[in-house]
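Per-entry structural report
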Amino acid sequence: MELDGKMLPEWLAIQDQSEFPHGFEYRSGYVTLAHQLEQTVHKEVTPTNIRLDGGYLTDHGPDHIRKLIDRISALLRAGTGSLTPYEAYLLLVAAQFHDVGNIFGREKHEEKSAEVMRDIGTLVPQDVVEQRLIHTIAQAHGGEEKDKLSTMVANTHVRGKPVRPQLLAAILKFADELAEDSDRAARYSFTKGLLPPESEIYHAYALCLNSIVIDGVGREIQMRFDIPRDLALRHFTKKPRGGGPVQKAYLLDEVLARTLKTHFERVYCSRFMRSFIDLIGVSVQIEISNPTGFLVLERIAYRLQEAGYPDTSATSIYAVCPDLSDWKDSKPLSGATLAERLDGANGQ
């Protein structure tokens, strides 16, 4: 989609009013809404969630929203399809609301944006069908039900304008998966050991994720990690989802698990985005650096993509990337095997 070098909100601002339904100033209305949410709700989401749920989330505030919109814009620029100005408005407003429910607690947060939308009053269109559509697009990004996109309407009309809710929700969901990097971590608190133990591995993951690039020409997501040796050797506390005993985990195992999740999200969302943007793989580069950061001790690279006949057993990183099961010394790549190799090498 040609955005003329602009981010999606800037592109939206110069579209003709005739492209939108009558009765609401969508262009300036979005600017006012984004500013109001940033000054009120967004900046309170992370600290309030910490008080309610304990732990310490990676950033869910204004910076995360800006990063999400950056990723949405990058996905659109990498694709060959186009959104209408009205669809762009709906997608951006859904992005603004997608995480606000965390202010009421993490559980089912994706469903709680409707309350904030009601509280925001006239800053959103007053047509309840529009509000419901925005909420539906926003809440499809998360929750226990994994296959929300399949149940969404692919094409519809709202106030006389064509809309593709399923496509918009898929773009938002995948962009949210990619809205992660070192900017989202509590760097100083992590360095000083001030975070709750069960939160540290998530901030360590974000800190080590140096770069994400959406390569439209190569049709892939490129992820680059830099992991300091001391973090590669460290055992982190990991609290399993859904309860159970606390476990110890290496950071590399978290990276393998999270990049595999990115692969699965790409496969899933691509079903609904393929006519717009067709991404076929996730390429991962990991460098393990010495304490000064100027020497690379180990390099790891792998690519996640579909291959051969679909296999329902391919639920592990080794099934998707068989080469990782035969890494150094013919051992599967894992946090433990990396730690063993680093322990036996000069870490200076």
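1. Concerning the pairing of strand 8 (residues 296–304)
Two strands pair when backbone bridges link them, and strand 7 (residues 281–289) and strand 8 are joined in this way by eight bridges, in the antiparallel orientation. Within strand 8, the position partnered with Glu287 by the bridge is Arg299. Between strand 7 and the antiparallel strand that follows it, strand 8, lie six residues; Gly293 among them carries a positive phi value of about 85 degrees.

2. Quick word on the side chain of Arg258
Tracing the backbone through its elements, the reader meets Arg258 in helix 11 (residues 251–273). Given a relative accessible area of 18%, Arg258 falls into the buried group. For Arg258, the contacting residues outside a window of four places in its chain are Glu177, Glu180, Tyr202 and Tyr205.

3. Points about the packing of helix 6 (residues 128–139) against helix 7 (residues 165–178)
Where helix 6 meets helix 7, the axes come as close as 8 Å, and the angle between the chain directions of the two elements is 40 degrees. When the axes of helix 6 and helix 7 are compared, the pair comes out oblique. Relative to helix 7, the crossing made by helix 6 is right-handed. Contacts between helix 6 and helix 7 involve Leu133, Ile137 and Ala138 on the former and, on the latter, Pro165, Leu168, Ala169 and Leu172. Across the contact of helix 6 with helix 7, the residue classes tally to seven nonpolar, no polar and no charged.

4. Here we look at the pattern of salt bridges
As enumerated under the stated definition, the model contains 26 salt bridges in all. Between Glu180 and Arg184 there is a salt bridge, and its shortest N-O distance comes to 3.7 Å. Within the structure, one salt-bridge network assembled from shared partners comprises Lys67, Asp70, Arg71, Asp181 and Asp183.

5. Observations regarding the nonpolar core
Core analysis: the biggest nonpolar cluster contains 106 residues, and Ile72, Phe97, Ile171, Ile286 and Tyr302 have the highest contact counts within it. The element best represented in this core is helix 4 (residues 85–97), accounting for 10 residues. Look past the residues within four positions of Ile72 in its chain and what remains in contact with it is Leu8, Leu91, Ala95, Ile171, Leu172 and Ala175.

6. Here we look at the sheet that holds strand 3 (residues 209–215)
As summarised here, the arrangement of the four strands in space is 3-4-7-8, forming an open sheet in which the pairing is mixed. Every other strand in the sheet has two partners, leaving strand 3 and strand 8 as the edge strands with one partner each. Adjacent strand axes in the sheet meet at a mean angle of 10 degrees, parallel and antiparallel pairs treated alike. As paired elements, strand 4 (residues 220–228) and strand 7 share nine bridges and run parallel to each other. Bridge pairing in strand 7 places Asp226 opposite Glu287. Against the sheet, helix 9 (residues 197–208) touches strand 3 and strand 4, its axis set at about 110 degrees to strand 4.

7. Quick notes on the pairing of strand 4
Direction of pairing for strand 3 relative to strand 4: antiparallel, over a ladder of six bridges. Each residue of the ladder has a partner; that of Ser211, found in strand 4, is Arg224. A loop of four residues connects strand 3 with strand 4, the two strands running antiparallel in sequence, and Arg219 in this loop sits at a positive phi of about 55 degrees.

8. A short note on the packing of helix 3 (residues 62–78) against helix 4
Contact geometry for helix 3 and helix 4: axes closest at 10 Å, N-to-C directions at 150 degrees. Our classification of the angle between helix 3 and helix 4 gives roughly antiparallel. The crossing of helix 3 and helix 4 is right-handed. Taken together, the residues of helix 4 that come into contact with helix 3 (itself represented by Ile65, Leu68, Ile69 and Ile72) are Leu91, Leu92, Ala95 and Gln96. Of the residues that constitute the contact of helix 3 with helix 4, the class distribution is seven nonpolar, one polar and no charged.

9. Focus: the packing of aromatic side chains
In this description, a pair of aromatic rings is defined by centroid distance and the angle of the planes. Per the counting criterion, the structure on display carries six aromatic pairs. Where Phe24 meets Tyr26, the ring centres are 5.0 Å apart and the plane angle is 70 degrees; that geometry is what we call edge-to-face. Classification of Tyr26 as buried rests on a relative accessible area of 0%. Arranged with centres 5.4 Å apart and planes meeting at 75 degrees, the rings of Tyr268 and Phe272 form a pair that is edge-to-face. Highlighted residues: Tyr268 and Phe272, both in helix 11, separated by four residues, approximately one helical turn. Residue class for Phe272 comes out buried when judged on its relative accessible area of 14%. The structure contains a cluster of three or more aromatic residues connected by ring pairs, namely Phe20, Phe24, Tyr26, Tyr86 and Tyr89. Positioned above the aromatic ring of Tyr205, the side-chain terminus of Arg258 is 4.0 Å from the ring centre.

10. Some remarks on the environment of Gly81
Within the fold, Gly81 resides in the loop between helix 3 and helix 4. For the pair Gly81 and Ser275, spaced 194 residues apart in sequence, the C-alpha to C-alpha distance is 6.9 Å. Not counting chain neighbours up to four residues away, the residues in contact with Gly81 comprise Met1 and Phe276.

11. Quick word on helix 2 (residues 26–53)
Helix length check: helix 2, at 28 residues, gives a terminal C-alpha distance of 36 Å against a target of 40 Å (1.5 Å per residue), a shortfall beyond 12%. Along its length, helix 2 reaches its greatest deviation from straightness, about 50 degrees, at Glu38. Contacts made by the buried residues of helix 2 are with helix 1 (8–13), helix 3, helix 4, helix 5 (113–119) and helix 6. Once helix 2 ends, the next one or two residues include Gly54, with phi positive near 75 degrees.

Calculation criteria
Residues numbered from 1 in each chain as written. Predicted model: local features only at pLDDT ≥ 70, side-chain atom pairs only at ≥ 80, totals over all residues. Heavy atoms only, no water. Pairing = 2+ DSSP bridges. Helix = DSSP H or I, 4+ residues; strand = E, 2+ residues; numbered from the N terminus. Buried < 20%, exposed > 50% of the residue type's maximum accessible area, 1.4 Å probe, protein only. Contact = heavy atoms within 4.5 Å. Axes fitted to C-alpha atoms, helices over the stretch in contact; angles between N-to-C directions. Parallel < 35°, antiparallel > 145°, perpendicular 65-115°, else oblique. Left-handed = near helix turned anticlockwise from the far one by under 90°. Nonpolar A, V, L, I, M, F, W, Y, C, P; charged D, E, K, R; others polar. Salt bridge = Lys/Arg side-chain N within 4 Å of Asp/Glu carboxyl O. Core = buried A, V, L, I, M, F, W, Y, C linked by side-chain atoms within 4.5 Å. Phe/Tyr/Trp six-rings, centres within 6.5 Å; stacked < 30°, edge-to-face > 60°. Lys NZ or Arg CZ within 6 Å of the ring centre and 35° of its normal. Expected span 1.5 Å × (residues − 1). Bend = angle between axes of the 7 residues up to and from the residue.

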